[in-house]
Amino acid sequence: MTPVFSKKLSLKRNFFMNAVLTVSSFLFPLLTFPYVSRILLPAGYGRLSFASSVISYFTMFAQLGIPVYGIRACAQVRGNSKELSRTVRELLTLSLFTTALAYLFLGAVLLLLPRLRQERALLGILSLNLLLGTLGVEWLYKALEQYVYITLRSLLLKTLALAATFLLIHSPQDLLLYAGISLFASSASNLLNFLNLRRLLLTAKGSTPGDCTPAAREPLRIRSLTRHLKAALVFFAMSCAATVYTNLDTVMLGFLKSDTQVGYYHAAVKIKSILVSLVTSLGAVLLPRASYYVRQGLQESFHRLFSRAFHFVLTLSLPLTAYFSLYAPEGIAFLCGPAYAPAILPMRLVLPTLILIGLTNLMGMQILVPTGRETAVLISVSLGALVNLCLNLLWIPAYACAGAAAATLAAETVVLLAQVFFLRDTLRRLPLSPAPQSPLLGTAAASLISLPVKLTGLTPFPALLLSACLFFSSYALVLLALRDPLAREVWQLLTRRGKTSL
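Residues numbered from 1 in each chain as written. Predicted model: local features only at pLDDT ≥ 70, side-chain atom pairs only at ≥ 80, totals over all residues. Heavy atoms only, no water.

1. Focus on the overall build of the chain
On a plain count of helices and strands, the chain comes out with 24 helices and zero strands. Here the contacts in the chain between residues at least 6 apart in sequence split such that 84% fall between residues at least 24 apart. (Helix = DSSP H or I, 4+ residues; strand = E, 2+ residues; numbered from the N terminus. Contact = heavy atoms within 4.5 Å.)

Structure below.
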């Protein structure tokens, strides 16, 4: 059997391509959000956010936990092309079945709930995500570490969507058109994935067309499908709990308050979500590699991988949380406009979740999932969902979008504490070095150095530009002065004086 993880499948290259993908995911909304939020206004943007949150529940059901389970299942058999082909066909068949059921449920809900029926056109457009997400089999591409293909494809489609947004969106009446453009940006790539699927399987590592043909011709049996159900259902339950507490606040705001409050809240959460994608960018690359290390019993490599990823998360999340909390008024004013001023407090309340989500993503996706302890992840996110539901019921009627933000922060804290409890013995054995002193000291120093910018009276954009330059340059200099290993490694990479490895 050909080794699965060779130099051609460099983790450094994969991380670089995923970082490019993450930056593009950061830049696309950063470029469009200030424009679209001003065009649609809080009420229109709130309608879109509400509809997107509703569709997320049906997407969750259609996926049945396969987006995460599929990465692990395919990564474990990627050295056997026949078994890989069979696994993909089985998982795709399961996904198509659950997607059909999701559409039936969506139709029933639209008939029963007038609040949703009045948004049927918007929900209809966004519901295409269900089918396209199923056909896209993104989990296979990630399991095979096809990050060059994923990145180039995404950059092309995001560029087209970016141009369409500025050319076609000019008034609040263009809401449905913008929903279609957003769908194109996020899901059109899934059609390319599906068309490319057979070629990908035939050219998988160590395979030939003859390897895949027997598996492709074998009829699917119920038993072959149900062998995935037990593990997939655990991931599905995890997805349910996570989707509940990440979208429940938006849905409840829509039902209990107004589209305008949803618009304020989503402005804060949108900025947080962009930053979260940066902090969790490494986890998407590490899951297949961590699963392989566990499968092969390479404990030392597994521990080293986690240690470096832990330091990466802290090094990135601490300064981002501090800077965007400090400059939340300027950030909201620049990105959204003065109409979104009530989003400042919710933004400051949700920003600490950057650190919490970064750590829980790392512990869940790199330790618990690869080692087969999905139930612990399920319990942790279920506790978070329960806390989120209870606190939303208490705080949204009284504090509106600020109450929803505080409930989210409490829920993420509970998830982190639960996962630390489940991993208390494992964490004692893991080499969590280097210690987090340098990111903490660097963040404190950078905050003090950039703080005087707030006293200058500059308008939002110049204030953000100047403060960001001061903050992040001083942060980097402090890390280098403290000989932080990650900062030194990045510096060596930029100056081509050394080699990096993860």
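2. Focus on the packing of aromatic side chains
Where two aromatic rings form a pair, the distance of their centres and the angle of their planes describe that pair. Applying the stated criterion to the full structure yields eleven aromatic pairs. Ring geometry for Tyr264 against Tyr340: centres 6.4 Å apart, planes inclined by 85 degrees, an arrangement best described as edge-to-face. Note that Tyr264 is positioned in helix 14 (residues 259-279) and Tyr340 in the loop between helix 17 (328-335) and helix 18 (344-350), a separation of 76 residues in sequence. What makes Tyr264 buried here is its relative accessible area of 13%. These aromatic residues form a ring-pair network of at least three members: Tyr323, Phe324, Tyr327, Phe471 and Phe472. When the ring centre of Phe421 is taken as reference, the NZ or CZ atom of Arg424 above it lies at 4.1 Å. Sitting over the face of the ring of Tyr327, Lys454 holds its NZ or CZ atom 4.8 Å from the ring centroid. (Phe/Tyr/Trp six-rings, centres within 6.5 Å; stacked < 30°, edge-to-face > 60°. Buried < 20%, exposed > 50% of the residue type's maximum accessible area, 1.4 Å probe, protein only. Lys NZ or Arg CZ within 6 Å of the ring centre and 35° of its normal.)

3. Regarding helix 2 (residues 66-76)
Across the eleven residues of helix 2, eight count as buried, placing the element largely inside the fold. Inspection of helix 2 places Ile66, Tyr69, Gly70, Ile71, Arg72, Ala73, Cys74 and Ala75 among the buried residues, and these make up the whole buried set.

4. Thoughts on the packing of helix 3 (residues 81-112) against helix 6 (residues 128-135)
Running from N to C, helix 3 and helix 6 cross one another at 175 degrees; their axes reach a closest spacing of 9 Å. Relative to helix 6, the element helix 3 lies roughly antiparallel. Listed contacts from helix 6 to Leu92, Ser95, Leu96, Thr99, Ala102 and Tyr103 of helix 3 are Leu128, Leu130, Leu131, Thr134 and Leu135. When grouped by side-chain class, the residues that make up the contact of helix 3 with helix 6 number eight nonpolar, three polar and no charged. (Axes fitted to C-alpha atoms, helices over the stretch in contact; angles between N-to-C directions. Parallel < 35°, antiparallel > 145°, perpendicular 65-115°, else oblique. Nonpolar A, V, L, I, M, F, W, Y, C, P; charged D, E, K, R; others polar.)

5. Remarks on the pattern of salt bridges
In the structure shown here, the tally under the stated rule is three salt bridges. For Arg153, the salt bridge identified is with Glu138, shortest N-O distance 3.2 Å. Taken together, the residues Arg153 in helix 8 (residues 147-168) and Glu138 in helix 7 (residues 138-143) connect sequence positions 15 residues apart. Notably, a salt bridge pairs Glu330 with Lys454, separated by 3.1 Å at the nearest N-O pair. Of this pair, Glu330 sits in helix 17 while Lys454 sits in the loop between helix 22 (437-450) and helix 23 (460-481), placing them 124 residues apart in sequence. (Salt bridge = Lys/Arg side-chain N within 4 Å of Asp/Glu carboxyl O.)

6. Here we look at the nonpolar core
Formed by 116 residues in total, the largest nonpolar core has its most connected members in Trp139, Leu140, Ile332 and Met347. It is helix 1 (residues 11-63) that contributes the most residues to this core, 13 residues altogether. Beyond its immediate sequence surroundings of up to four residues, Trp139 is in contact with Ile66, Pro67, Gly70, Ile71, Cys74, Val88, Leu91 and Leu92. (Core = buried A, V, L, I, M, F, W, Y, C linked by side-chain atoms within 4.5 Å.)

7. Quick notes on helix 8
Note on helix geometry: an α-helix contains 3.6 residues per turn, so any two residues three or four positions apart are oriented the same way. Taking 1.5 Å of rise per residue, the 22 residues of helix 8 would be expected to cover 32 Å, and the 31 Å separating its terminal C-alpha atoms lies within 8% of that figure. Residues of helix 8 that are buried include every one of Tyr147, Ile150, Thr151, Arg153, Ser154, Leu157, Lys158, Ala161 and Thr165, and no others. Down the axis of helix 8, the smallest arc covering the buried residues is 165 degrees, so these residues share one side. Across from the buried face of helix 8, at angles greater than 90 degrees, the exposed residues are Leu152, Leu156 and Leu167. (Expected span 1.5 Å × (residues − 1). Arc of directions from axis to C-beta.)

8. Quick look at the environment of Thr246
Here Thr246 is to be found in helix 13 (residues 229-256). As for Thr246 and Asn388, which are separated by 142 residues in sequence, their C-alpha atoms are 8.7 Å apart.

9. A few points about the packing of helix 8 against helix 9 (residues 175-195)
Relative to each other, helix 8 and helix 9 sit at 160 degrees, their axes nearing to 9 Å. Regarding the angle of helix 8 to helix 9, the classification is roughly antiparallel. Here the hand of the crossing between helix 8 and helix 9 comes out right-handed. On helix 9, the residues touching Tyr149, Arg153, Leu157, Lys158, Leu160, Ala161, Ala164, Thr165 and Leu168 of helix 8 are Leu177, Tyr178, Ile181, Phe184, Ala185, Ala188, Ser189, Leu192 and Asn193. Among the residues making up the contact of helix 8 with helix 9, the classes are represented as 13 nonpolar, three polar and two charged. (Left-handed = near helix turned anticlockwise from the far one by under 90°.)

10. Describing the side chain of Gln261
Examined against the element boundaries, Gln261 turns out to sit in helix 14. Setting aside residues no more than four positions away along its own chain, Gln261 makes contact with Leu253, Ala400 and Cys401.

11. Here we look at the environment of Met363
Take Met363: it is sitting in helix 19 (residues 353-368). Since its relative accessible area comes to 6%, Met363 is described here as buried.

12. Observations regarding the confidence of the model for the chain
When pLDDT is averaged along the chain, the result is 79, and 78% of the positions lie at 70 or above. The lowest-confidence element of the chain is helix 11 (residues 209-217), averaging 44 in pLDDT; the highest-confidence one is helix 18, averaging 93. Scored below 50 in pLDDT, residues 205-217 makes 25 contacts in the model with residues more than four places away or belonging to other chains. This stretch, residues 497-502, has a pLDDT under 50; its non-local contacts, to residues over four places away or in other chains, come to 13 contacts. (pLDDT = per-residue confidence, 0-100.)

13. What about unusual backbone geometry?
For Val137, which is not a glycine, the phi torsion comes out positive at approximately 35 degrees. For Val137, the location among the structural elements is in the loop between helix 6 and helix 7. Since its relative accessible area comes to 0%, Val137 is described here as buried.

14. Observations concerning the side chain of Ser189
Checked against the element boundaries, Ser189 lands in helix 9. Non-local contacts of Ser189, meaning those with residues more than four positions away in its chain, are made with Arg153 and Leu157.

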